[in-house]
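Coordinate inspection notes
In case you want the letters, here they are:
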Amino acid sequence: MLKLRHKREFFVGLSVAITIFLALAGFNSVLLYHNDKAATINQFESLANRVNADMSLTLRNIDGISRTNFINEEFSENSARLFTTSEHSEAVGDMQSLFETIISNNAALIAGVAYFPYDDAGEVESENQIVAGAQANLMIDNEQTIIDSVPSFASLYVNWASYSDGNYAAYLFFSRQILDMRVDNYNEPIGIASICVSIPKLSAPLGYASAQAGSSFYLLDSENRILLSSDSSISSIEQVQGKGFYHLSLHLGFLDWQFYAAQDTAVVWINLRIIFLVEICLLLFLVVGYTVIYLLAYQRSQRGLSELFDFFSSHESSSLDKMPPSSDEEVNRVVGAYNVMVESVIALNEQIVEERNRGLALELEKSKMEIHALHSQINKHFLVNTLSVIRSYISLHDVEQAKLCLENLSDFLRYSLNNEESSTIGQELDASKNYLLIQQARYPDVEYEIDCPDELKCLVIPKVAFQPLLENAFTHGLTNKKGKIRIEIHQVGEMVYLDVANTGLPRDPKRIDMVNEALSSNTAFSSNQGNGIAMNNIQRRFRLMFEESAKVSLFTEEGETIARIAFLRKGEQA
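Read on for a plain summary of the structure. As the structure is a computational prediction, the values presented were derived from the model and not from experiment.

Okay, the sheet that holds strand S3 (residues 157-162) next. Pairing between the strands of a sheet is mediated by backbone hydrogen bonds and can be parallel or antiparallel. Taken in spatial order, the 5 strands of this open sheet run S2-S1-S5-S4-S3, and their pairing is antiparallel. Edge positions in the open sheet fall to strand S2 (130-132) and S3, since each of these has one partner strand only. Direction aside, the axes of adjacent strands within the sheet are offset by 20 degrees on average. Summarising the sheet, strand S1 (residues 110-117) and strand S5 (residues 189-198) pair through 7 bridges and their orientation is antiparallel. Paired with Ile 110 across the bridge in S5 is Val 197. Along the sheet face, helix H2 (residues 73-81) touches S1, strand S4 (168-179) and S5 and points at about 60 degrees away from the line of S1.

What follows is the structure, encoded as structure tokens:
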């Protein structure tokens, strides 16, 4: 079970992982959708072109049968023989034979053939009509409809068949007016020839629409009315012309009909359902896997950090108990540095007692100042916050950044807690850089700059001089934890100036005057006076080394708050 204080890092890491996964899954889904849509449309266009070609071929074949068999001199001669007594029977037999041949050669499509001849007055002579095929009776029942529908020789005319009771019949009549091809009566109308075609057979190519989900094919007349359709539920072409459909309109090359095809693009999402199910399974696997890795792979590091938190939480600030070794090697570096710090404080405490017993007031004062400086470094809030940052890096799998932060903390504590009373400016700047890198891991919006001539880095000053001023800059200067901290070392004449500046301005300008007045009069600061205590302590330590030439001050200049340590340089130093 995750401890309460670990839940935030766990859910932050899990949220980042899920966000990245969803972004990649979304991008993949969009890419798959566009690719699948393009493939669907390409397949649809190929299928539509094939069906259009088949339909065009069938219709041209019907037109060709009509032209070939009815518009020739032989058929015109037989038509004329129907009106002669001697040759009437023979002419009927020849036409019946011709019609049966037409039907047998196209049995899958043509169900009947009829011829309605004109008499001398140009009227249809019903007594001499010739009808053949399985649907001969249907053609007789629709004789008047066929005759009335054919206006001229212009081309084939199509009309629907119906039974004698008026019910719909699944047949179409392809009819045309026949002109005489004989020389002596050329181009005179001699009758009407009609071919009865099965609608299911004619519209068979439209059935290929079932080969692709969401597609439908239609034959439209000149007024965009549906003649034949692959989808009987569609009564008007406007129903498939709205948003969400891809359209294709092709000319049949027959009459003024057109072939119309529609593809419902919504089927693309249906095809992607399996992809979505797989991605959901992967997401569940990611959540479970992340939880297992978090609990197992980082259990040791979390346990080591928990030991640190538990120790600092259970001990008071004034406690000088050593911490037992940790099971984590990286955390053990901090434990070792902390224990060295405790040993140093204990040793200095013993030294204070010894100095007090010998009555060496100056040495006692120096020891007290060193103890205060060391105690100021045993800032458990700083340690706890730094460890919290390290824990967060570990939770986010950034082990390298966690190691770097631990190394900076260990180096900073090792330098701060050795038994030396003084150090060079160069050493102080290196320790300050470690401190700033640790703080920058916590507050990435804070920048820093260090400027010091090489000839001044060898000057010896009291140890841990910059860290209290840097801490004040973070605590009292950059209250919103954004801005810049600048350390500048320079010399004017014989005076050396150590400046720690930050871009944060004090909320109460009177506070600066109060701090400077107290520093000038060497007045003790109360515990609620914040950064003044640290500056008073620094001034006292510098005066032990540089006497009254040392002075600490606080002021603002060009948008910065600057804490300055000034002292008179004493010849050449190591």
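As enumerated under the stated definition, the model contains 13 salt bridges in all. Close ionic contact of Arg 182 with Asp 180 constitutes a salt bridge, the shortest N to O distance being 2.9 Å. Accessibility expressed as a relative area gives 18% for Arg 182, which makes it buried. With a shortest N-O distance of 2.6 Å, Arg 486 and Glu 560 are connected by a salt bridge.

So, on to empty space enclosed by the protein. Evaluation of the coordinates by the stated rule reveals 2 cavities of 30 Å³ or more. Taken as a whole, the largest cavity encloses approximately 50 Å³ of empty space. Residue lining of the largest cavity: 10 residues in total, with Phe 412, Glu 428, Ala 431, Val 464 and Gln 467 positioned closest to the centre. When residues of the lining of the largest cavity are traced back to their parent elements, those giving at least two are helix H13 (399-416) and helix H14 (425-442). Split into classes, the residues belonging to the lining of the largest cavity amount to 5 nonpolar, 4 polar and 1 charged. Taken as a whole, the second largest cavity spans an internal volume of roughly 30 Å³. Every residue along the wall of the second largest cavity is listed here: Leu 436, Gln 440, Val 446, Glu 447, Tyr 448, Phe 474 and Ile 485. Listed by contribution, the elements that provide at least two residues to the lining of the second largest cavity are H14 and strand S11 (446-451). By residue number, the principal contributor to the lining of the second largest cavity is S11, which donates 3 residues. Broken down by class, the residue content of the lining of the second largest cavity amounts to 5 nonpolar, 1 polar and 1 charged.

What the 4 strands build is an open sheet, ordered S7-S6-S9-S8; its pairing is antiparallel. Two strands in the sheet have a free side with no partner beyond their single neighbour: strand S7 (226-229) and strand S8 (245-251). Averaged over all pairs of adjacent strands, the angle between strand axes in this sheet comes to 25 degrees, irrespective of strand direction. With 6 bridges joining them, strand S6 (residues 215-220) and strand S9 (residues 258-264) adopt antiparallel strand pairing. Within S9, the position partnered with Phe 217 by the bridge is Ala 261.

To continue, consider the nonpolar core. Within the largest apolar cluster, 62 residues are counted, with the highest numbers of intra-cluster contacts made by Ile 489, Leu 498, Phe 542 and Phe 567. Residue contacts for Leu 498: discarding those within four places in its chain leaves Ile 425, Ile 461, Phe 466, Glu 488, Ile 489, Phe 542, Ala 563, Arg 564, Ile 565 and Phe 567. Of all hydrophobic cores here, the second largest spans 45 residues; its members include Phe 70, Ile 102, Ile 110 and Leu 250.

What follows is about the side chain of Gln 263. Its location among the elements puts Gln 263 in strand S9. In this structure the side chain of Gln 263 is engaged in a polar contact, spanning 3.0 Å, whose partner is the side chain of Gln 212. From its side chain, Gln 263 meets the backbone oxygen of Ala 213 in a polar contact 3.0 Å long.

Turning our eyes to something else, we now look at the packing of H14 against helix H15 (residues 467-477). With their axes 10 Å apart at the nearest point, H14 and H15 run at an angle of 25 degrees to one another. With respect to H15, the element H14 is oriented roughly parallel. Crossing geometry of H14 relative to H15 is assigned as right-handed. Here H14 contributes Ser 432, Tyr 435, Leu 436 and Gln 439 to the contact with H15, which in turn contributes Gln 467, Leu 470, Glu 471 and Phe 474. Looking at side-chain class alone, the contact of H14 with H15 contains 4 nonpolar, 3 polar and 1 charged residues.

The rules behind the values
Residues numbered from 1 in each chain as written. Predicted model: local features only at pLDDT ≥ 70, side-chain atom pairs only at ≥ 80, totals over all residues. Heavy atoms only, no water. Pairing = 2+ DSSP bridges. Helix = DSSP H or I, 4+ residues; strand = E, 2+ residues; numbered from the N terminus. Axes fitted to C-alpha atoms, helices over the stretch in contact; angles between N-to-C directions. Contact = heavy atoms within 4.5 Å. Salt bridge = Lys/Arg side-chain N within 4 Å of Asp/Glu carboxyl O. Buried < 20%, exposed > 50% of the residue type's maximum accessible area, 1.4 Å probe, protein only. 1 Å grid on protein atoms, 1.4 Å probe; cavity = no way out; pocket = protein on both sides within 12 Å on 5 of 7 lines; lining within 4 Å. Points joined across faces, edges and corners; volume = space filled by probe spheres on them. Nonpolar A, V, L, I, M, F, W, Y, C, P; charged D, E, K, R; others polar. Core = buried A, V, L, I, M, F, W, Y, C linked by side-chain atoms within 4.5 Å. Polar contact = N/O pair within 3.5 Å; in protein donor to acceptor, adjacent residues only side chain to side chain. Parallel < 35°, antiparallel > 145°, perpendicular 65-115°, else oblique. Left-handed = near helix turned anticlockwise from the far one by under 90°.

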